[in-house]
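Now for the letters of each chain:
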Amino acid sequence: MNKLITTAALLATAMGVAMTSQAAARDHISIVGSSTVYPFSTTVAERFGRSTNFKAPKVESTGTGGGFKLFCSGVGVQFPDMTNASRAIKDSELAMCAENNVKDVVEVLIGYDGIVIANAKAAPAFSVTRKDLFLALAKSVPNPKGGEALIPNPYKTWKDVNAALPANKIEVLGPPPTSGTRDAFLEMAMEGGCQTFVWVKALEKADKDKYKSICHDIREDGSYIEAGENDNLIVQKLNANPNALGIFGFSFLDQNSDKVKAAQVDGKEPTFDTIADGSYPISRPLYFYVKKAHIGVVPGMAEYLAEFTSEKAWGDDGYLTEKGMIPMSKDKRTKMAADVKSLKTL
């Protein structure tokens, strides 16, 4: 029995040494995840590479869901050290991490972003409600004749949805299911519109699965076009088709304000101030997640975290605000920076 225990202990030690030597062989931080957080993470990575003796981290835009799959696949040099996310990690994703021995995960809230509905700069201004968005994009909608029944979405134009809107064909370019932007859009915009129907809202408590199906299922008849994780492609397509709308993060709008402009949603324009104060209805927190087992093994991780959570980066006048990120309050930043420094895990 003692021999078996000794053998197991030696094997565990050998695995740990192998992981350490493998990770030490990688001389840069590997980051995957959200396309929305990508420009912020890249900006910090570039500055970090220029101002320290460490190599700049390698940042890949895989989408939030894709990032979590890669991040949660295991511990070791072949797996990413960090993943960016435009939503909080799901319980199912944490369970996937745990199954693959990724047990100590540090969550870092970095700031806020808004999800915008935008069209080409040269196109007419657009103003919608969340109810309009739900009726335009849901797979099934409440029967306009009344009652508590659903029908396959019959609306072909925005005017069909709301007589005050133009008679343009409904064409919306948006993110795929792997995107955190898609998740946030469903939860804040589609559900917000869905809940304007009292009987549907009541289902949230009575039949949660049915409620989620009604509010989250996007139509598949060509009115909603999945545009992948590349927001630049959406901008190109909007400029080619002035009647189309696109869905992406405020930070991307901010960087492309010469090409696209945002629609009002529920009478509010997405701006730095309306997102910061919560009055713009489709705003969300942004995160990244860190594999604690890699800190102290992959060079520069603790120092990169210190750079990202410094006031010069994410503060009110930090360089990330120039990229369109909306900062947290000073108190929240102070607490989060302390949690990161102590490597507080979920």
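An unreviewed UniProt entry lists the chain under the name PstS family phosphate ABC transporter substrate-binding protein, with Simiduia curdlanivorans given as the organism.

Visitor: Quick one: what's the story with the overall build of the chain, residue by residue and with numbers?
Guide: Assigned secondary structure in the chain consists of 15 helices and 13 strands. A globule of 346 residues ought to have a C-alpha radius of gyration of about 20 Å, and the chain, at 22 Å, matches this closely. Once the C-alpha set of the chain is aligned to its principal axes, its extents read approximately 75 × 50 × 35 Å. For the chain, the residues scored as buried account for 51% of the 346 residues in total.

Visitor: I'd like a description of helix α2 (residues 38-51), backed by residues and values.
Guide: Over its 14 residues, α2 extends 20 Å from the first C-alpha to the last, a length consistent with the 20 Å expected when each residue adds 1.5 Å. For α2, the set of buried residues is Pro-39, Phe-40, Ser-41, Thr-42, Thr-43, Val-44, Ala-45 and Phe-48.

Visitor: Mind laying out the packing of helix α3 (residues 64-71) against helix α4 (residues 91-99), listing which residues take part and the relevant values?
Guide: Contact geometry for α3 and α4: axes closest at 9 Å, N-to-C directions at 20°. Judged on the interaxial angle alone, α4 and α3 are roughly parallel. Between α3 and α4, the contacting residues are Gly-65, Phe-68, Lys-69 and Phe-71 on the first element and Glu-93, Met-96 and Cys-97 on the second. Here the contact of α3 with α4 is built from residues that sort into four nonpolar, one polar and two charged.

Visitor: Pulling in residues and values, what's your account of empty space enclosed by the protein?
Guide: Under the definition given, this model contains one cavity of 30 Å³ or more. There is about 60 Å³ of room inside the largest cavity. Of all the elements in the fold, those that place two or more residues in the lining of the largest cavity are α10 (231-240) and β10 (245-249). Across the lining of the largest cavity, the residue classes tally to four nonpolar, five polar and two charged.

Visitor: An account of the pairing of β10 is requested, with residue identities and associated values reported.
Guide: Of all five residues in β10, five are buried, a share of seventy percent or more. Across four bridges, strand β4 (residues 105-120) lies against β10 in antiparallel orientation. Paired with Val-116 across the bridge in β10 is Phe-248. As judged from the two bridges shared by strand β8 (residues 172-174) and β10, these two strands associate in the parallel manner. Within the sheet, the bridge partner assigned to Leu-173 lies in β10 and is Gly-246.

Visitor: Provide a residue-level description of the packing of aromatic side chains, including the pertinent values.
Guide: Two numbers describe a pair of aromatic rings. These are the distance of the centres and the angle of the planes. Tallied over the entire structure, the rule returns nine aromatic pairs. Plain terms: the ring middles of Phe-48 and Tyr-304 are 5.7 Å apart, the flat faces sit at 90° to each other, and that makes the pair edge-to-face. Linking Phe-48 in helix α2 with Tyr-304 in helix α13 (residues 301-308), this pair joins segments that are 256 residues apart in sequence. Residue Tyr-304 is classed as buried on the basis of its relative accessible area of 0%. Among the aromatic residues, ring-to-ring pairing joins Phe-48, Phe-54, Phe-288, Tyr-304 and Phe-308 into one connected group. Directly above the ring of Tyr-319 sits Arg-47, whose terminal nitrogen or CZ lies 3.9 Å from the centroid. The positively charged end of Lys-291 is found above the aromatic ring belonging to Phe-71, 4.7 Å away from the centroid.

Visitor: Which residues make up the nonpolar core, and what values go with them?
Guide: The biggest cluster of nonpolar side chains holds 54 residues, and the ones touching the most others in it are Leu-137, Trp-158, Phe-185 and Phe-248. Broken down by element, the residue count for this core peaks at seven residues, all from helix α7 (residues 180-194). The residues contacting Leu-137, other than those within four sequence positions of it, are Asn-153, Ile-170, Val-172, Phe-185, Met-190, Asp-217, Ile-218, Arg-219 and Tyr-224. If you look at the next biggest cluster of nonpolar residues, it comprises 41 residues, including Val-44, Phe-68, Val-108 and Met-328.

Visitor: A description of the pattern of salt bridges should follow, citing residues and the corresponding values.
Guide: Applying the stated rule across the entire model yields 15 salt bridges. Here Glu-226 makes a salt bridge to Arg-182, at a shortest N to O gap of 3.6 Å. With Glu-226 in strand β9 (residues 224-226) and Arg-182 in helix α7, the pair connects residues that are 44 residues apart, well separated along the chain. When the shortest N-O distance is used, the salt bridge between Arg-333 and Glu-311 registers 3.0 Å. Separated by 22 residues along the polypeptide, Arg-333 in helix α15 (residues 330-341) and Glu-311 in helix α14 (residues 311-314) bring together distant segments of the chain. A relative accessible area of 35% means that Glu-311 is categorised as partly exposed. Because the salt bridges share partners, they merge into one network encompassing Glu-311, Asp-316, Lys-330 and Arg-333.

Visitor: Before we move on, could you go through the state of the cysteines and cite the residues and values that matter?
Guide: In total, this model carries two disulfides according to the counting rule given. With its sulfur 2.1 Å from that of its partner, Cys-194 forms a disulfide with Cys-215. The chirality of the disulfide connecting Cys-194 with Cys-215 is left-handed, given an S-S dihedral of about -70°. Within this pair, whereas Cys-194 is found in helix α7, its partner Cys-215 is found in helix α9 (residues 208-216), the two being separated by 21 residues in sequence. Pair check on accessibility: Cys-194 and Cys-215 agree, each one buried. Listing the disulfide partners of the chain by sequence rank of the bonded cysteines yields 1-2, 3-4.

Definitions and cut-offs
Residues numbered from 1 in each chain as written. Predicted model: local features only at pLDDT ≥ 70, side-chain atom pairs only at ≥ 80, totals over all residues. Heavy atoms only, no water. Helix = DSSP H or I, 4+ residues; strand = E, 2+ residues; numbered from the N terminus. Rg over C-alpha atoms; globule rule 2.2 N^0.38 Å. Buried < 20%, exposed > 50% of the residue type's maximum accessible area, 1.4 Å probe, protein only. Expected span 1.5 Å × (residues − 1). Axes fitted to C-alpha atoms, helices over the stretch in contact; angles between N-to-C directions. Parallel < 35°, antiparallel > 145°, perpendicular 65-115°, else oblique. Contact = heavy atoms within 4.5 Å. Nonpolar A, V, L, I, M, F, W, Y, C, P; charged D, E, K, R; others polar. 1 Å grid on protein atoms, 1.4 Å probe; cavity = no way out; pocket = protein on both sides within 12 Å on 5 of 7 lines; lining within 4 Å. Points joined across faces, edges and corners; volume = space filled by probe spheres on them. Pairing = 2+ DSSP bridges. Phe/Tyr/Trp six-rings, centres within 6.5 Å; stacked < 30°, edge-to-face > 60°. Lys NZ or Arg CZ within 6 Å of the ring centre and 35° of its normal. Core = buried A, V, L, I, M, F, W, Y, C linked by side-chain atoms within 4.5 Å. Salt bridge = Lys/Arg side-chain N within 4 Å of Asp/Glu carboxyl O. Disulfide = S-S within 2.5 Å.

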